[in-house]
Amino acid sequence: MTAVEQNLPSKEQAPKTIYLKDYRVPDYLIKTTDLRVEIYDKDERHDGETIVSAMLHLYRNPAATRPATQLTLHGADLELVSIALNGNVLGAGDYEFGEESLTIFNTPEEFTLITITKITPEQNTSLEGLYRSRTMYCTQCEAEGFRKITYYLDRPDVMSEFTTTVVANKKYPVLLSNGNLIDQGELDGGRHYATWHDPFKKPAYLFALVAGDLAHIEDKFITCSNRDVVLKIFVEPKDLDKCDHAMQSLKHSMRWDEEVYGREYDLDIFMIVAVDDFNMGAMENKGLNIFNTSCVLAKPETTTDAGFQRVEGVVAHEYFHNWSGNRVTCRDWFQLSLKEGFTVYRDSEFSADMGSRTVKRVEDVTLLRTAQFAEDAGPMAHPIRPESYIEISNFYTMTVYEKGAEIIRMLATLLGKENFRKGTDLYFDRHDGQAVTTEDFVKALEDASGRDLTQFKRWYSQAGTPRLHITDSYNEDAQEYSLTIKQSCPPTPECEHKLPFHIPVAVGLIGSAGDLPLVLKNAKPDFETSDNTFRVLELTEAEQTFVFDRVQEKPVPSLLRGFSAPVKWHYDYSRTDLVLLMSRDSDGFNRWEASQQLGLQAIQQAMAAYQQGQALSGWNLDADLIDAYRSVVQNESLDKAMVAYMLSLPSEAYLSELADEVDVEAIHYGRSAVRKALAHALRNEFETIYRTYDHQQAYAATADAIASRSLKNVALGYLMLLNDEALINLCEQQYRSANNMTDVMAALTQLVNSEANLARQFAQAALDDFYQRWQNESLVVNQWLSVQAMCVLPGTLEKVKALQTHAAFDGKNPNKIRALIAGFCNSNAINFHADAGAGYQFLANQIIHLNTQNPQIASRLLTPLTKWKKYNPQRQALMKSQLERILAEPDLSKDVFEVVSKSLA
């Protein structure tokens, strides 16, 4: 079908596509960058404006292969006041403007360029570059925001030493930038300044600046070489009591990185600033991390356990970037996973060490399977190192981050702990202060370990989720057990036919009493491990058979232990097999996986009944399935968090991802029927769990305490399905008396989603009470918006529309948009897909509105509509029509255009 037939823009109309194959080293480099940023707010100058003076010391790049007689700088939304080269003011004929560029003619081998520009942070709703958020001015420069501050070589392979002077009115007493403070003082007119110097070269995307009326907490960290580092977290004064958890997380991260990776912090100060208006979670700017408030602020009364864990993980992630992203950065944005995938892996391992390793693995894989696997199967599928993009902001994806982390995990598995550490040490030592590629990273691992990773590198260039089909056979006489594994990968936009991947398949064999010893026939000596019940098989061909000797009984295979590779796999387990794995497997992840497969089988039975017109009220489960779940509850050796996860059925999002054609109603009502059946069958067990929990114990964000609350609230969720007045009263009592936000939100969620009349009365009263109590706490109000947006009862869309006019909602704040709009469209399938496409029209309206206001957020909201091909023909037509309506909008941003056009292609 042609572009015209699909209403797609022609090549001439479409925004430019950037290709990896076209990469060229910069003609010039910047030795030093001296900035003076003078901020004036609306009270000082009409509309507020900022004057940016930039002095750049440029020189010809020795690696450039073509002669350069001109310099092209990036710039967007800037007003050029003046420009001078080596002290000579340039006239109009000495330079020219492009769409987002400034080209200077007749440039020498080395020179100093001074530009003065005006910008208006007060009007910057894109939240890229320098903008105002509540009581402060702040920056967000990754990926290409610095070009909205001044004209510059805004690309990651241009690294410069920055000195920054920030000037503002004294009503903004805190003036911050990267590096160490070297000067500060007062100026006339009630103004003051602060000068910061960062001795480490960095690309422009790591630049940061803050000016605001902020308070801070302070601590210190003594490094492994006995240096004192000052630690400061800056927040609005009202939030000062919510910083302690972030500070402790930071100190734990710094120590962990020294002990596990040998990485010591390098500046005299490390600062975090919390910002309420922020497109992302946080940003690792050198020495001055800028965070979304949701990733810094935490205290028991306002923050759930998930919030506490998120703060710990994000603080660690951004700190770890100091080496895996800052000291060694990426050459170009195609290499984004070089820093993000590696750092996600590092923060995941940190969180595993801080809490339960198995629980963390379950959480990570759950996210991967529901979100990243869906991305791999959709129109935006791309390798972790994409070959092209229109707007790089669209590639801050689950693939680059989460799948990127899984690829690093596979490398660690294949090389072993010692060789992997040698490889990362070599990588940091070899490339410190450089902008490099994924090939450089893999080469360091190869050189340190002696392994050939040529085939493994296909993970970087081939998109899609590989499929493994696994069969087995057992020869009782020879006591031989064989596993045959076939791999394939479906077509994706960049490639139809995939070469075989190099896949580590971790396995165990389970007998009647538990793990069996493994003796792999014809094994290489380096396959030997200290644990003879665990082995990593290396799948490198389209089909391979692995034979185990001395297997004294027919085993049940424990496959992909610890989820050793980001793949989908099939083995024909019986229910008896799954019950054995659930009770006997020594691998905690695979015990959970067995529980999920049991739940999946039960849900699929209920879905089939629903699709055949059978009533699901009073749906019953087989006795052996109930016994399997009962045994989980009664197993005192299991971690409580694992019990909670094993009792939680596969999510609607995961069930949708598994389906070739998503039947929204069958998934929702089938899963609900199984949950209700379990609630009835295990009522006594759930009541025991709930009533034995000490509801008044002091809050602690420890792994054990979080696990106890998690299990208790899972039990409450099941009990509330029974519509029993006594249990509903128990839930309302928890809402009223809980001493922490985790329990408050758990109770409120159950009340809001209950069909019982008594619960509906309690729910409205609780929602009113919640808002009155917390209306001045922005992050808590976000939870209030989310719980209503995700209510599965009918009428939720109209409620969401009404909330858009509520004082609690700010249509320019990304956190509010994510809480209400994304909460409904991404996490409430039964209502989003209802009412003949009303949800689709609603989402398209929001995207069209946000397209010019904040293109990044608009683009990210598109995800539910991009999946249109997975639904029935009626829904496909409705969803597609909304995508076409968006595409027809004038002045469509690159961000939105790329996602919509690829979805319709």
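Criteria and thresholds
Residues numbered from 1 in each chain as written. Predicted model: local features only at pLDDT ≥ 70, side-chain atom pairs only at ≥ 80, totals over all residues. Heavy atoms only, no water. Helix = DSSP H or I, 4+ residues; strand = E, 2+ residues; numbered from the N terminus. Rg over C-alpha atoms; globule rule 2.2 N^0.38 Å. Buried < 20%, exposed > 50% of the residue type's maximum accessible area, 1.4 Å probe, protein only. Contact = heavy atoms within 4.5 Å. Areas by Shrake-Rupley, 256 points an atom, 1.4 Å probe, with all protein chains shown as cover. Lys, Arg positive; Asp, Glu negative; His and termini not counted. Charge placed at Lys NZ, Arg CZ, Asp CG, Glu CD. Phe/Tyr/Trp six-rings, centres within 6.5 Å; stacked < 30°, edge-to-face > 60°. Lys NZ or Arg CZ within 6 Å of the ring centre and 35° of its normal. Core = buried A, V, L, I, M, F, W, Y, C linked by side-chain atoms within 4.5 Å. Salt bridge = Lys/Arg side-chain N within 4 Å of Asp/Glu carboxyl O. Axes fitted to C-alpha atoms, helices over the stretch in contact; angles between N-to-C directions. Parallel < 35°, antiparallel > 145°, perpendicular 65-115°, else oblique. Nonpolar A, V, L, I, M, F, W, Y, C, P; charged D, E, K, R; others polar. Pairing = 2+ DSSP bridges.

Turning to the overall build of the chain, a few remarks are in order. Looking only at helices and strands, the chain features 28 helices and 33 strands. Against the 2.2 N^0.38 benchmark of 29 Å for 905 residues, the chain shows a C-alpha radius of gyration of 28 Å, consistent with a compact globule. Among the 905 residues that make up the chain, the fraction classed as buried is 59%. Here the contacts in the chain between residues at least 6 apart in sequence split such that 72% fall between residues at least 24 apart. About 35400 Å² of surface is accessible on the chain, with carbon and sulfur atoms providing 48% of the total. Positive and negative side-chain charges of the chain, numbering 90 and 124 respectively, have mean locations separated by a distance of 0 Å.

Two descriptors summarise a pair of aromatic rings, namely the distance from one centre to the other and the angle between the planes of the rings. Scanning all chains against the criterion turns up 41 aromatic pairs. Ring geometry for Phe 146 against Tyr 152: centres 4.9 Å apart, planes inclined by 75 degrees, an arrangement best described as edge-to-face. Per residue, the accessibility class of Phe 146 equals that of Tyr 152, and both read buried. Three or more aromatic residues joined by ring pairs form one cluster here, namely Trp 256, Tyr 261, Tyr 265, Phe 270, Tyr 319, Phe 320, Trp 323, Phe 342, Phe 350, Tyr 427, Phe 428 and Phe 441. The positively charged end of Arg 263 is found above the aromatic ring belonging to Trp 323, 4.7 Å away from the centroid. Positioned over the ring face of Phe 342 is Arg 346, at 5.5 Å from the centre of the ring.

Further remarks concern the nonpolar core. One finds Ile 104, Phe 441, Leu 468, Phe 548, Phe 770 and Leu 865 to be the most contacted residues of the largest nonpolar core, which totals 295 residues. With ten residues, the single largest contributor to this core is helix α10 (residues 588–611). Filtering out sequence-adjacent residues up to four positions away, Ile 104 remains in contact with Thr 69, Gln 70, Leu 71, Leu 73, Ile 83, Leu 85, Leu 90, Asp 94, Tyr 95 and Leu 113.

This paragraph deals with the pattern of salt bridges. Between side chains of opposite charge, a pair can form when the charged atoms approach closely. Per the stated rule, a full pass over the model turns up 71 salt bridges. Between Glu 128 and Lys 148 there is a salt bridge whose closest N-O contact spans 4.0 Å. With Glu 128 in the loop between β9 (110–119) and β10 (129–133) and Lys 148 in the loop between β11 (136–140) and β12 (160–169), the pair connects residues that are 20 residues apart, well separated along the chain. Side by side, Glu 128 and Lys 148 carry an identical accessibility label, which is buried. Ionic pairing is found between Asp 585 and Arg 561, a salt bridge with its closest N-O pair at 2.8 Å. Highlighted residues: Asp 585 in the loop between α9 (575–584) and α10 and Arg 561 in the loop between β32 (556–558) and β33 (568–570), separated in sequence by 24 residues. Of the two residues, Asp 585 and Arg 561, both sit in the buried class. Here the salt bridges share partners, and the residues they tie into one network are Lys 238, Asp 239, Asp 241, Lys 242, Lys 299 and Glu 777.

Here we come to the packing of helix α17 (residues 725–737) against helix α19 (residues 757–774). The N-to-C vectors of α17 and α19 enclose an angle of 5 degrees; their axes lie 11 Å apart at closest approach. Taken together, the axes of α17 and α19 are roughly parallel relative to one another. Here Glu 725, Ile 728, Asn 729, Glu 732, Tyr 735 and Arg 736 of α17 come into contact with α19, specifically with Leu 758, Ala 759, Phe 762, Ala 765, Ala 766, Asp 769, Phe 770 and Arg 773. Its residues assigned to classes, the contact of α17 with α19 shows eight nonpolar, one polar and five charged.

Each regular strand shows side chains that alternate between the opposite faces of the sheet. Bridging between strand β25 (residues 467–475) and strand β26 (residues 480–488) involves nine bridges; their strand directions are antiparallel. Note on β26: the bridge partner recorded for Asp 472 is Leu 483. The turn linking β25 back onto β26 is made up of four residues, and Gln 479 within it adopts a positive phi angle of 55 degrees. In this sheet, strand β31 (residues 543–549) lies alongside β26 in antiparallel orientation, the contact comprising six bridges. Counterpart to Thr 484 in the pairing with β31 is Thr 545.

On their own, these measurements won't tell you what the molecule is for.
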